[in-house]
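A structural walkthrough
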Amino acid sequence: MRFPRTVLLVVAAMLASLVPMAASAAPGGPPDRGSGGWSIEVMSSPAEYVSGGDARLRISLPPGQIDKARVSVEGRDVTSAFAPIDERTLEGVVDGLELGENTVEVGLDRGRAPARAAVTLTNHPITGPMFSGPHQTPFLCATDGHRGNAELGPVLDDDCSIERVVSFKYRTTGGAWADYVPGSEPEDMATTTTIDGRTVDYVIRWERGTVNRFIYSIAMLSPDSQDVDDPDLSAWNDRLIYSFQGGVGIGHYQGNPSRGSMLLEYGLGAGYAVAYSSGNRTDTHYNLELGGETAIMVKDRFVTAYGVPDYTVGIGASGGAIQQYVYGQNHPGLIDAAIPVQSYPDMITQVIHVGDCELLERWVDTQILGGGDPKWRDWTNRSLLEGLNASNTVENSFGAAMPPAPLYPSGSSECIEGWRGLSPLVLNPHFGTAPGVTPEQQASTDWTHFQDAVNIYGVGADGYANRVWDNVGVQYGLQSLVEGEITVAEFLDVNANAGSWKNEPEMVQERCPFISALCPQPSDLAGLDPVPDIWPNLIDPWSWNNMALSPDGGATPAPRVEADPDAVEAAYERGLVFRGDMPIPTVDWRPYLEHVLDMHNSVQSFVTRQRMTDFAGHADNQVIWFSAADEQGDFVNAAPMAFELIDRWMANIENRPQRGVVANKPADAVDACFDVDGELIHRGADAWHGILDDRPDGPCTEAFPVYSTSRIIAGGPITGDVFTCQLQDVDDAISRGVYGDVTFTAAERDRLGEIFPDGVCDYSRGDARRPASL
């Protein structure tokens, strides 16, 4: 089956046998029975992060004690809530927990016998928060239409709570979902065969409601019975999919849940349970601390109500892939395996190079509109500065906002097709909005990513959230200068004029084309000079009006901007940066869309791999697959193949846990690439040679050219994780050979010093703000 590139799987990964509390056991492994063989494991969440007043526990006992144990919560006998799952283990759900600490004890059921094991559960409100900090305000509840996607009723309170609903649907032979009436036998009901080989009526149980103020969903097959209060687990394959979604959001909204991601058809049909939350859709927000908290709470609900899965696998594209990498790092045991699709390592380090896009687009366009060197009319030359792909044949989505041909050439770039409009969304406090916002809320809210996650970044002296974007010392186009692709004059000019982004107090609302009401009519343009009367005074696709630029065309170099140091440190310390700590089975699958200038640039899979290698010394638990797409960007979906591979890999780990993740890889768990029909081009350890090493290009490297980023072109590492570079004096950089064989005249050397009075980046020394402990 072929899928359009706009319908990428946005599902994904999370939790599994969560980190047990008292006497801990590795997820999926036998319990550690502790001293005397008594232990209590919290299976539904970390003990300190229980929510909703209940938790699933597993209690290990010495031989012969299964009928003699007594379990209590704060002295209240709850033994009847537990049942044996083998001759030495009890499992059950404790409920009625008070907010705050609750001590669970197990001991012998006689007199005042002392407890043999205990654990303290810290219970939090189902509305949150647990560890993400104070609730965001304003926080707007989902519209009727968005709640309708989950078939939910009205909002009940200021936390956007909605009554929990359980209903049933069936899959029709025509491939649609329809309401199912228990006991009925629809003529068009489909059947499905699970990965365990069971063929059953394709009926599902669908639970949804609100957790942590977001809309959540849990779905699974329910062919044998449809009792709302007693889930049918007969067709569950004992695996859980956590479905993550992507997009770019800046918070203040409950979210728009996706029916396709809630009812992930492939997973449900194969017998998986599927968990989802609008709080794990990055189109809702990009506060990944809040997102991790939400996933823990949703998984808590699943495990408590349905049972402990053998493993949890995540899938999700773009921001859904980011969540897998970041949560896999920050919450060990939360996910057991990952299928990141169209991945980036994280969100916040993408801001580093994406923040350069419009600065460099503006510089190139001024060369064109000002009658400069005609080389810049060739769109592919933009890659000399931006690193990302560009094309003379792809239609420009913003072409209507640019001067007509022949003044402005046809073509486009990934900076435009993939990223235009996202710099103001992330940086401009005036630009964002949310459904249902009042004029007062709109005016009083700072609509930036940094304000969305202000609990992490903190607030600066100007009253705005601290931000991490920085370009002090960055030498745009350095690699192209060294390779002779741009001249010294061009190198100096772009660096003198690129500029930076204004601080939030200085920013203004965006103009046409981002706000259509501000777009002039053709008659309004008569007699005006293209620059600056029309561009950017009336039409500003670059966000030019929010850039800090040279006041005199570059004679005075445009200012650069430094990140707020506390924000960078917080981004690292609070886990917003993926550092490479991802030891679980991972299939990183990427439909290759460079030719359509899709934002999911292919280098990012290798950025992630290099970070994993830097952290652990290898990335042998990560497999990278690329699939070719046709001219329209359609491709064969490799996700089912990835699920099947992960299932065999996890089975190997279960059967031979002592061998670990890498030694349990199936033989076909290796790097690979596939053609537009889904047929294998090559599979092997040499597939991607030449990208992260100096070996001859491998077969997949040859078939799928990988591009770059502006910061790599500026001399930065492929890991792309330097917010604030450490600086070196210009003369030192020259003497150290930073510029290769390029020689500067005395005047050029002086000009370089004027542009970079504090020095240029020395990327060999890493990030100046990265905490030493990380």
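Read on for a plain summary of the structure. (Residues numbered from 1 in each chain as written. Predicted model: local features only at pLDDT ≥ 70, side-chain atom pairs only at ≥ 80, totals over all residues. Heavy atoms only, no water.)

Details of the overall build of the chain
Defined as follows: By definition, any uninterrupted DSSP run of H or I lasting at least four residues is a helix, any uninterrupted run of E lasting at least two residues is a strand, and each is numbered from the N terminus. Only protein chains enter the accessibility calculation, which uses a 1.4 Å probe; a residue whose area is less than 20% of its type maximum is buried, one above 50% is exposed, and one in between is partly exposed. The criterion used for residue contact is that any of the two residues' heavy atoms lie within 4.5 Å. Every accessible area reported is derived by Shrake-Rupley at a probe size of 1.4 Å, with residue values counting cover from the shown protein chains alone. Charged-residue counts in this description rest on Lys and Arg as positive and Asp and Glu as negative, His and the chain ends being excluded. Throughout, a charge is located at the NZ atom of Lys, the CZ atom of Arg, the CG atom of Asp or the CD atom of Glu.
Each helix and strand counted, the chain has 23 helices and 31 strands in total. For the chain, the residues scored as buried account for 59% of the 774 residues in total. In the chain, the proportion of contacts linking residues at least 24 apart, taken out of those at least 6 apart, comes to 72%. Counting every atom, the chain has about 28700 Å² of accessible surface; 49% of that belongs to carbon and sulfur. Of the charged side chains in the chain, 52 are positive and 107 negative, and the gap between their average positions amounts to 6 Å.

Brief notes about the side chain of H600
The condition is simple: Side-chain atoms alone can form a polar contact between residues adjacent in sequence; in general such a contact is a pair of N or O atoms within 3.5 Å, and within protein one must be able to donate a hydrogen while the other accepts it.
For H600, the location among the structural elements is in the loop between β25 (586–592) and α17 (604–616). A relative accessible area of 10% means that H600 is categorised as buried. At 2.8 Å, the side chain of H600 and the side chain of S318 are in polar contact. Within the local environment of H600, its side chain forms a polar contact with the side chain of D598, the two groups lying 2.6 Å apart.

With respect to the nonpolar core
Keep this limit in mind: Side-chain atoms within 4.5 Å are what join buried Ala, Val, Leu, Ile, Met, Phe, Trp, Tyr and Cys residues into a set we call a nonpolar core.
One finds V313, I348, Y457, W625, I646 and Y739 to be the most contacted residues of the largest nonpolar core, which totals 163 residues. Tallying contributions element by element places helix α6 (residues 350–369) first for this core, with ten residues. Membership of the second largest hydrophobic core comes to 23 residues, among which are W38, A69, V94 and L97.

A few points about the packing of helix α4 (residues 288–306) against helix α5 (residues 319–330)
Which entries qualify depends on this criterion: To obtain each axis, a line is fitted to C-alpha atoms, and for helices this fit is confined to the stretch in contact; angles are then taken between N-to-C directions over 0 to 180 degrees. Put simply, angles under 35 degrees are roughly parallel, angles over 145 are roughly antiparallel, angles from 65 to 115 are roughly perpendicular, and the rest are oblique. Amino acid classes used here: Ala, Val, Leu, Ile, Met, Phe, Trp, Tyr, Cys and Pro are nonpolar; Asp, Glu, Lys and Arg are charged; the rest, including Gly, are polar.
One way to put it is that α4 packs onto α5 with a least axis distance of 10 Å and a crossing angle of 80°. If you check the angle between α4 and α5, you find them roughly perpendicular. Contact with α4, carried on its side by L288, G291 and G292, involves I322, Q323, V326 and Y327 of α5 and no other residues of that element. Partitioned by chemical class, the residues of the contact of α4 with α5 number four nonpolar, three polar and no charged.

Some words on the pattern of salt bridges
The condition that has to hold: In what follows, salt bridge is the name for a side-chain nitrogen of Lys or Arg lying within 4 Å of a carboxyl oxygen of Asp or Glu.
Across all of its chains, the model carries 30 salt bridges by this definition. Put simply, R208 and E151 hold a salt bridge, and the shortest N to O gap is 3.5 Å. With R208 in strand β15 (residues 203–211) and E151 in the loop between α1 (144–149) and β11 (165–171), the pair connects residues that are 57 residues apart, well separated along the chain. A salt bridge links R164 to E207, with the shortest nitrogen-to-oxygen separation between them at 3.8 Å. Taken together, the residues span a long stretch of sequence, with R164 in the loop between α1 and β11 and E207 in strand β15 at a distance of 43 residues. A relative accessible area of 43% means that R164 is categorised as partly exposed. Through salt bridges with shared partners, a single ionic network connects E151, K169, D179, R208 and R259.

Focus: the sheet that holds strand β4 (residues 55–60)
Spelled out, the test is: Any two strands with at least two DSSP-identified bridges between them are counted as paired.
The four strands are arranged β2-β4-β8-β7 in an open sheet whose pairing can be described as antiparallel. At either end of the open sheet lies a strand with only one pairing partner, and these are β2 (39–42) and β7 (82–86). Within the sheet, the average angular offset between the axes of one strand and its neighbour, ignoring direction, is 25°. Contacting β4 and β8 (89–94), α4 runs over the sheet at an angle of about 60° to β4.

Observations concerning the packing of α6 against helix α14 (residues 488–497)
In plain terms, the rule: Should the near helix be turned anticlockwise from the far one by less than a right angle, the crossing is termed left-handed; should it be turned clockwise, right-handed.
Interhelical geometry of α6 versus α14 gives an angle of 120° and a closest axis separation of 10 Å. One element, α6, and the other, α14, form an angle in the oblique class. Crossing of α6 against α14: the hand is right-handed. The residues of α14 that touch α6, namely those facing L360, R362, W363 and Q367, are E490, D493, V494 and N497.

Quick look at the state of the cysteines
Basically, it comes down to this: When two cysteine sulfur atoms lie within 2.5 Å, the pair is treated as a disulfide.
A full pass over the atoms with the stated rule returns five disulfides. Covalently, C357 is tied to C415 through a disulfide, its sulfur atoms 2.0 Å apart. As the torsion about the S-S bond is roughly -70°, the C357-C415 disulfide counts as left-handed. Residue C357 is found in helix α6, and its partner C415 is found in helix α8 (residues 414–417); the two are separated by 58 residues along the sequence. Judged by its relative accessible area of 1%, C415 is buried. C673 shares a disulfide with C700; S-S distance 2.1 Å. Judged by the sign of its S-S torsion, about -85°, the cystine formed by C673 and C700 is left-handed. Residue C673 is located in strand β28 (residues 672–674), and its partner C700 is located in helix α20 (residues 699–703); the two are separated by 27 residues in the primary sequence.

The quantities given are spatial measurements derived from coordinates; they are silent on function.
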